[in-house]
Amino acid sequence: MGRRGGRRCDNCEFALPEGARASRRFCSGACRAEQWRKLRRSREVYAAAVAELAVLGIGRGPSAGELRAQRPKARCPVCGQWWWVGLRKRADAVYCSPRCRTAAWRERTGQVPAWLAELRARARP
Ligand SMILES: [Zn+2]
Ligand SMILES: [Zn+2]
């Protein structure tokens, strides 16, 4: 069993109530959630930094298996490029870049940008 008294919330240092379970680490659900957010953010910041380096280095996005395991990947429906959700973008973003978003919008009005037409011509064998 845990020690008596003196135990404090891992997040805000508030004293845990007398008789709290040994496994209890936080004074409240809000503190537990906040701690989770902090942890996740620090992991995201790290992953984003690694991803940026990979992008700069090989120009094709991250290749580390670790990143693949950690981050949800999405494929841009316009250029087919894989990109990592959450890397400078909202989780519900669809396109890899503003350029592709604009292209998708243009395509609906019947004008395919030259760069995209060329990209597709190359992609199709
Ligand atoms: Zn707390
Ligand atoms: Zn794209």
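Use the structure listed above.
Residues numbered from 1 in each chain as written. Chains lettered and ligands numbered in written order. Predicted model: local features only at pLDDT ≥ 70, side-chain atom pairs only at ≥ 80, totals over all residues.

1. Let's talk about the overall build of the protein chain
Assigned secondary structure in the protein chain consists of four helices and two strands. Counting helices and strands in the order they occur from the N terminus, the protein chain gives α-α-β-β-α-α. Sorting the 125 residues of the protein chain into buried and exposed places 10% on the buried side. Sequence-distant contacts in the protein chain: of pairs separated by 6 or more residues, those separated by 24 or more amount to 18%. (Helix = DSSP H or I, 4+ residues; strand = E, 2+ residues; numbered from the N terminus. Buried ≥ 20, exposed ≤ 12 C-beta atoms within 10 Å, placed from the backbone. Contact = placed C-beta atoms within 7 Å.)

2. Regarding unusual backbone geometry
Comment: phi is negative for the bulk of residues other than glycine, and the bulk of peptide bonds are trans. Look at glutamate 13: it is not a glycine, yet its phi comes out positive at around 70°. Mapping glutamate 13 onto the fold places it in the segment before helix 1 (29–58).

3. Some words on the environment of glycine 80
Counting through the fold element by element, glycine 80 comes out in the loop between strand 1 (73–75) and strand 2 (82–84). Judged by the 12 C-beta atoms lying within 10 Å of it, glycine 80 is exposed.

4. Describing the nonpolar core
In this structure, Ala51, Val78, Trp83, Trp84, Tyr95, Cys96, Cys100 and Ala103 together form the largest nonpolar core, which totals eight residues. Secondary structure elements with two or more residues in this core: strand 2 and helix 3 (98–108). (Core = buried A, V, L, I, M, F, W, Y, C linked by C-beta atoms within 7 Å.)

5. Quick notes on the environment of alanine 33
Inspection of the secondary structure puts alanine 33 in helix 1. For alanine 33, a count of 12 C-beta atoms within 10 Å gives the class exposed. Distance from alanine 33 to asparagine 11, taken between C-alpha atoms, is 9.5 Å for residues 22 residues apart in sequence.

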